[in-house]
Amino acid sequence: MKAQTEQYRILHETALSAPRSSGVYLWKDAAAHILYVGKAKNLKNRLSSYFSGQKDIKTRILVSKASSIEYITTANEYEALILENTLIKEHHPRYNIDLKDDKSYPVAGITNEVFPRIIKTRRIIQDGTLYYGPFPNAGALGTFIDTLGSIYPLRRCKKMPKRRNPCMYYHIGRCAAPCCGKIDKHSYASIIDEIRDFLEEKIEVSAAKLESRMKNAAQKLEFEKAARFRDCLAALKTLRIQNAVADFNPENRDYIGFYAEGPLVSFTVLKMRSGKLVMRDLYRTRSLKENEELISEFITAYYTEESMIPPKIFVRDKRGLELTQKWLSDTFGLQSLITVPEETDAFGRHDASLNMAVHNAKEDIIRRMRERGDTPALEELKKLIKSDTLPMRIEGFDIAHLGGKFPVASLISFYNGNPDKKNYRIFRLKSLDGRIDDFESMREVVSRRYTRLLNEHAEMPDLIMVDGGIGQVNAAKGVLDALGLNIPLVGLAEKNEDIYFPGNSTPLSLPRRSDALRLLQRVRDETHRFATSRNQRLRTKENTVSIFTRLPHIGRRRAALITEKWATLQDLSRASVQDIADALTLGTEQAADVHKAVLVMLSQMPSSVPDFARNETQSNGGTDTGQTYTAQLARLALGGDVSEADTDNNRNEAGAEDTASLAAENPPPYKTV
């Protein structure tokens, strides 16, 4: 009973750690036999659902017999659908429906005839016919082919007898009547070439052509014809979703992708056999080799039998693999080609398959990091900062703004080497008044964060990392000293990935494969992502709430009209009252009110930064101003004399719409772990 409970816990943890991307999942028993294959739009949600609520007897039996769960991520739900179908037919899992008729998804074909036809079929015959697909949406494929028949005068009859008079399809414009010699081979071939372009070109190009024809037909009042182009466009968009798991290239081939984090490396091999993805191999290892050397080492270790080696092996970068290819030839006597996707018709398919292999390898690295924590990196960091304990809790800071507008600071938290997102915070910076001063910004956010933790006697981090060089580090250190805090502090400069310590302008450069450097990079990148995304949201919010809505008589609709015609206040100020009245359907007096208000708003905009602000900016955070500010913060932290009125004023300034930001700026203390 205890063993079953432990197995259930392991399966549940696997489900909770799955990515939120689309893909296929495989339940396996203790002998690694596949019990069930399923697809999911969101793997984490789907797998977690097996362990929540009351389940029927079939689900309980499946979970009780399973020993492990594996999954293969895909680029979209369409690929997951086809891959699920392929794996079920390949492995015949016990708990999947297997109809035994090997019915496959329909495909479109252009027949190998003098006057070709466009057909929909499920049977692939190697008779020179060009096939496109497969397409899970049979209805969309039928609509597409039917619409092509209504747009282009394509041959209709399966067998083309010689006729003296054309059939009815010719008279209604649905057939060019090649059977009667009404069209020559060259002209008919040009029609087929145009249809091939729709199926082979990038979807953006094909869609643009159809949309242009649709608009032209509508302008000529040929609405039925425009509707046919519209239906063809909708069907084409449905059909042309990228598919990397099935094609009509019968040549066997492997796609090898890898992902590395420090010494951890995961390899994924996708095996395409007879045009279908039949297997995914995943291998975990540790290596200190450079990325350029990893593929060569893996190929020589992976391919141990002649039967394993396909005619082509696709990799992302084939530099330095000439000797590896020679080794395959000398060892197994095979002329297997190690190559990269070429700029050909099949480039998109090969490239998508390699991306899928790399993505699966990356997901495995994320799993490995979560499973083990990041103890090697923490051990190295412990030595680096000369601490007696592991830096289990790391907090990182970064500043983001756009020309001084919407300045924010991000605080992110890592615990045991992994992101601890429930302790992420965003601070709206308030002390800059439009100035650009990263050092002062760093002082403000560090002081606000640790003043609060001091006042609440909350847990402090084991290490603080700031995104920047010696200036940012010294700015943060000044605040920590004023607050009486002795927390290890480092800065990571992005240009050369140098590490800075307080009071030392000479940086430390760690090896590229260093675990400690990799962890600090992860913290730095996460602080940057979090700060930038918040800054972008604030900019979007500002742009969404148009400044023109502040003008009299102007609501959202008229603001949109102003944006379309004039774009800026300056442009609007140069417009005449009559132009404003005509464009916004306003009376002359109302238009005059708008024009006056625009001039007033422009006059109230600051033309330059005040002298006192400019002087503080020039200090770069290193003058007496910064020291005085730091000392005031120290007194605030130690005395705790924040007036209730000040707190209320801050809340009122934030407003109801900024409640989330206010909560982020006043975070709760950590829970003791």
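For clarity, every value in this text was computed on a predicted model and none was experimentally measured.

Calculation criteria
Residues numbered from 1 in each chain as written. Predicted model: local features only at pLDDT ≥ 70, side-chain atom pairs only at ≥ 80, totals over all residues. Heavy atoms only, no water. Salt bridge = Lys/Arg side-chain N within 4 Å of Asp/Glu carboxyl O. Helix = DSSP H or I, 4+ residues; strand = E, 2+ residues; numbered from the N terminus. Buried < 20%, exposed > 50% of the residue type's maximum accessible area, 1.4 Å probe, protein only. Pairing = 2+ DSSP bridges. Axes fitted to C-alpha atoms, helices over the stretch in contact; angles between N-to-C directions. Arc of directions from axis to C-beta. Phe/Tyr/Trp six-rings, centres within 6.5 Å; stacked < 30°, edge-to-face > 60°. Lys NZ or Arg CZ within 6 Å of the ring centre and 35° of its normal. Core = buried A, V, L, I, M, F, W, Y, C linked by side-chain atoms within 4.5 Å. Contact = heavy atoms within 4.5 Å. Parallel < 35°, antiparallel > 145°, perpendicular 65-115°, else oblique. Nonpolar A, V, L, I, M, F, W, Y, C, P; charged D, E, K, R; others polar.

S.K.: Help me out: how do you make sense of the pattern of salt bridges in this one?
M.R.: When charged atoms on two side chains of opposite charge get close, those side chains can pair. In total, this model carries 26 salt bridges according to the counting rule given. Between R155 and E113 there is a salt bridge, with the nearest N and O atoms lying 3.0 Å from each other. On the criterion of sequence distance, the pair formed by R155 in the loop between α5 (138-151) and α6 (168-171) and E113 in the loop between β4 (107-110) and β5 (118-121) is long-range, its members being 42 residues apart. Of the residues examined, E113 reaches a relative accessible area of 31% and is grouped as partly exposed. With its nearest N and O atoms 2.9 Å apart, the salt bridge here joins R449 to E395. With R449 in helix α14 (residues 438-455) and E395 in strand β12 (residues 393-402), the pair connects residues that are 54 residues apart, well separated along the chain. The exposure class of R449 is buried, given its relative accessible area of 3%. Each of E6, R9 and E13 takes part in a single network of salt bridges with overlapping partners.

S.K.: Would you mind showing me how to read the sheet that holds strand β3 (residues 68-73) here?
M.R.: Strands sit in the order β2-β1-β3 across an open sheet of three strands; the sheet is antiparallel. Either end of the sheet is taken by a strand with one partner, and the two such strands are β2 (34-40) and β3. The mean inter-strand angle of the sheet, taken between neighbouring strand axes irrespective of direction, is 20 degrees. As paired strands, strand β1 (residues 23-28) and β2 are joined by six bridges and run antiparallel to one another. Among the inter-strand pairings, G23 is bridged to a residue of β2, identified as A40.

S.K.: In this structure, what is going on with helix α13 (residues 375-384)? I would like to understand it.
M.R.: Working note: α-helix, 3.6 residues per turn, so residues spaced by three or four point in the same direction. For α13, the complete set of buried residues consists of A377, L378, L381 and L384. For α13, the arc enclosing every buried residue in end-on projection is 115 degrees, short of the 170-degree limit, so these residues lie on one face. Of the residues flanking the end of α13, it is K386, one or two places downstream, whose phi is positive at about 55 degrees.

S.K.: Before we go on, may I ask you to explain the packing of aromatic side chains in this structure?
M.R.: Given two aromatic rings, their pairing is described by the distance between the two centres and the angle made by the two planes. Counted under the stated rule, the structure contains 16 aromatic pairs. Judged by centre distance (5.1 Å) and plane angle (65 degrees), the ring pair of Y424 and F530 falls under edge-to-face. One end of the pair, Y424, is in the loop between β14 (418-419) and β15 (425-428); the other, F530, is in helix α16 (residues 515-544), and 106 residues separate them in sequence. With a relative accessible area of 15%, F530 lands in the buried category. Sitting above the plane of the Y169 ring, R156 keeps its charged end 4.7 Å from the centroid.

S.K.: Can you walk me through the nonpolar core in this structure?
M.R.: Nonpolar side chains tend to gather and get buried jointly when the protein is soluble and globular. Formed by 32 residues in total, the largest nonpolar core has its most connected members in I118, F144, L148, Y152, L154, I195 and L210. When residues of this core are traced back to their parent elements, those giving at least two are α4 (77-91), β4, α5, α7 (185-200), α8 (203-219) and α9 (223-239). Non-local contacts of I118, meaning those with residues more than four positions away in its chain, are made with G109, I110, I145, L148, L154, I192 and I195. The next biggest cluster of nonpolar side chains, apart from the first, holds 26 residues, and it includes A409, Y450, V473 and L485.

S.K.: Help me out: how do you make sense of the environment of P419 in this one?
M.R.: Structurally, the position occupied by P419 is in strand β14. Residues P419 and V523 lie 104 residues apart in sequence; the distance between their C-alpha atoms is 8.2 Å.

S.K.: Which parts of the structure should I look at to understand the sheet that holds strand β10 (residues 312-314)?
M.R.: In spatial order, the strands read β9-β8-β7-β10-β11; together these five strands make up an open sheet with mixed pairing. A single partner strand is all that each edge strand has here, and the edge strands are β9 (276-286) and β11 (337-339). Mean inter-strand twist for the sheet, computed between neighbouring axes without regard to direction, equals 20 degrees. In the sheet, strand β7 (residues 253-261) pairs with β10 via three bridges, with the strands oriented parallel. Considered in β10, the bridge of D254 is made with I313.

S.K.: Please explain the packing of helix α10 (residues 291-302) against helix α11 (residues 322-332) as it appears in this structure.
M.R.: When two helices pack together, their arrangement is given by the angle between their axes and by how far apart the axes lie. Two numbers describe how α10 lies on α11: the axes approach to 10 Å, and their chain directions differ by 10 degrees. Classified by the angle between their axes, α10 and α11 sit roughly parallel to one another. Between α10 and α11, the contacting residues are S296, I299 and T300 on the first element and T324, W327 and L328 on the second. Across the contact of α10 with α11, the residue classes tally to three nonpolar, three polar and no charged.

S.K.: Help me understand the pairing of β9 in this model?
M.R.: Every other side chain in a regular strand lies on the same face of the sheet, so the side chains alternate between the two faces. In terms of strand pairing, strand β8 (residues 264-273) meets β9 through 10 bridges, oriented antiparallel. When the sheet's bridge partners are listed, K271 is paired in β9 with M279. Between β8 and β9, which follow one another and run antiparallel, lie two residues, and S274 among them has a positive phi close to 55 degrees.

S.K.: Could you clarify how one ought to interpret unusual backbone geometry in this entry?
M.R.: Across the chain, the bulk of peptide bonds are trans and the bulk of non-glycine residues have phi less than zero. Its identity as a non-glycine residue notwithstanding, H92 has a phi of 50 degrees, on the positive side. With respect to the secondary-structure elements, H92 resides in the loop between α4 and β4. A positive phi is found at H457, a non-glycine position, where the angle reads about 55 degrees. One can find H457 in the loop between α14 and β16 (463-467).

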